[in-house]
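Coordinates in review
Listed below are the residues making up each chain.
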Amino acid sequence: MAKRTIIVGGGKLGLDLANSLMERRYDVRLIEKNRVKCVQLANDLDAEVIYGDGTEIEILDEAGTKNCDCFIAVTGSDQDNLVATQLAKKEFGAKKVIIRANNPHNMEALRKLGTDIVVSSTEIITRLIEQEVDVAEMHMLATLNKGKASICTMILPQNSALDGCELREITLPHGSLIISILRKDEMMIPNGFTVIQAGDEVVAVCENESRKSLLKILNAKR
């Protein structure tokens, strides 16, 4: 059965994303509140297009948001994107929630407000939907090299298998590097002799191909 994906926002990013996911045989449903644009999208896309405001519960319910596999908000308004994703997650139980940050300065705030992950690129969003890892464990702060790499952060679990290890003892996947560690509001630039502790917030640069392996290493438990 095709994974059901709801997209809010029928601009260029929403259209490109819908086409990309349909090529991968996802069940795509797109919500757009501009009536003229909605008609155009319905003609251009071989997908269900719903006319309405993605920040309204009735419209989200009509689109089949309840327990959907992935919910993505990519309108031109960060506020609308936030409201839509929070409703999808808290009211409808969407399994994975992704939000577009139009203003890069809003990325951290949007992440702290409970969105699974904040992104700004069609290519990155598509990869995140297809990832088998739990993206809620690792947050993306920024993309690099035209979306081919990213800066990510995650908090090591309290029963971390890395607790007490020196950084040089950890074999990181190719294309990844730990660049900073935040411990009790103190930031450290690590070296090979830096000792990792459970509860540390680790910031790393990694190529997209290594993100899944890096998450597995950092999330390992005793």
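Residues numbered from 1 in each chain as written. Predicted model: local features only at pLDDT ≥ 70, side-chain atom pairs only at ≥ 80, totals over all residues. Heavy atoms only, no water.

1. Some words on the confidence of the model for the chain
When pLDDT is averaged along the chain, the result is 84, and 85% of the positions lie at 70 or above. At the level of individual helices and strands, the chain shows its lowest average pLDDT in helix H6 (residues 122–130), which scores 56, and its highest in helix H3 (residues 57–62), which scores 96. The low-confidence segment residues 132–136, where pLDDT is below 50, has 10 contacts with residues more than four positions distant or belonging to other chains. (pLDDT = per-residue confidence, 0-100. Helix = DSSP H or I, 4+ residues; strand = E, 2+ residues; numbered from the N terminus. Contact = heavy atoms within 4.5 Å.)

2. Here's the deal with the environment of phenylalanine 71
Within the secondary structure, phenylalanine 71 is located in strand S4 (residues 70–73). Looking at phenylalanine 71, the relative accessible area reads 0%, which means it is buried. Note: C-alpha distance between phenylalanine 71 and arginine 4 (67 residues apart in sequence) is 8.7 Å. (Buried < 20%, exposed > 50% of the residue type's maximum accessible area, 1.4 Å probe, protein only.)

3. Digging into helix H4 (residues 78–90)
In this model H4 runs 18 Å from its N-terminal to its C-terminal C-alpha over 13 residues, within 8% of the 18 Å that 1.5 Å per residue would give. Every buried residue of H4 is accounted for by Asp78, Asn81, Leu82, Ala84, Thr85, Leu87 and Ala88. Buried-residue contacts for H4 involve H3, S4, strand S5 (97–100) and helix H5 (107–112). (Expected span 1.5 Å × (residues − 1).)

4. Structural notes on the pattern of salt bridges
In this structure the tally under the stated criterion is seven salt bridges. Taking the shortest distance from any N to any O, the salt bridge between lysine 12 and aspartate 16 comes out at 2.8 Å. Taken together, the positions of lysine 12 and aspartate 16, both in helix H1 (residues 12–23) and four residues apart, correspond to about one turn of that helix. Look at lysine 12 and you get exposed, because its relative accessible area is 65%. When the shortest N-O distance is used, the salt bridge between arginine 168 and glutamate 166 registers 2.6 Å. On the basis of relative accessible area, arginine 168 is assigned to the exposed category, the value being 56%. Through salt bridges with shared partners, a single network forms among Asp27, Arg29 and Glu48. (Salt bridge = Lys/Arg side-chain N within 4 Å of Asp/Glu carboxyl O.)

5. Observations regarding the environment of alanine 63
Considering the arrangement of structural elements, one finds alanine 63 in the loop between H3 and S4. Here alanine 63 falls in the buried class, since its relative accessible area comes to 0%. Sequence separation of alanine 63 and valine 8 is 55 residues, and the distance between their C-alpha atoms is 10.0 Å.

6. What to know about a nonpolar patch on the surface
Together, Leu182, Met187 and Ile189 line one region of the surface with nonpolar side chains, adding up to about 310 Å² of accessible area. Tracing the chain through its elements places leucine 182 in strand S9 (residues 176–183). With a relative accessible area of 32%, leucine 182 lands in the partly exposed category. (Patch = residues over 30% accessible without salt bridge, like charges linked within 9 Å, V, L, I, M, F, W, Y side chains within 5 Å. Areas by Shrake-Rupley, 256 points an atom, 1.4 Å probe, with all protein chains shown as cover.)

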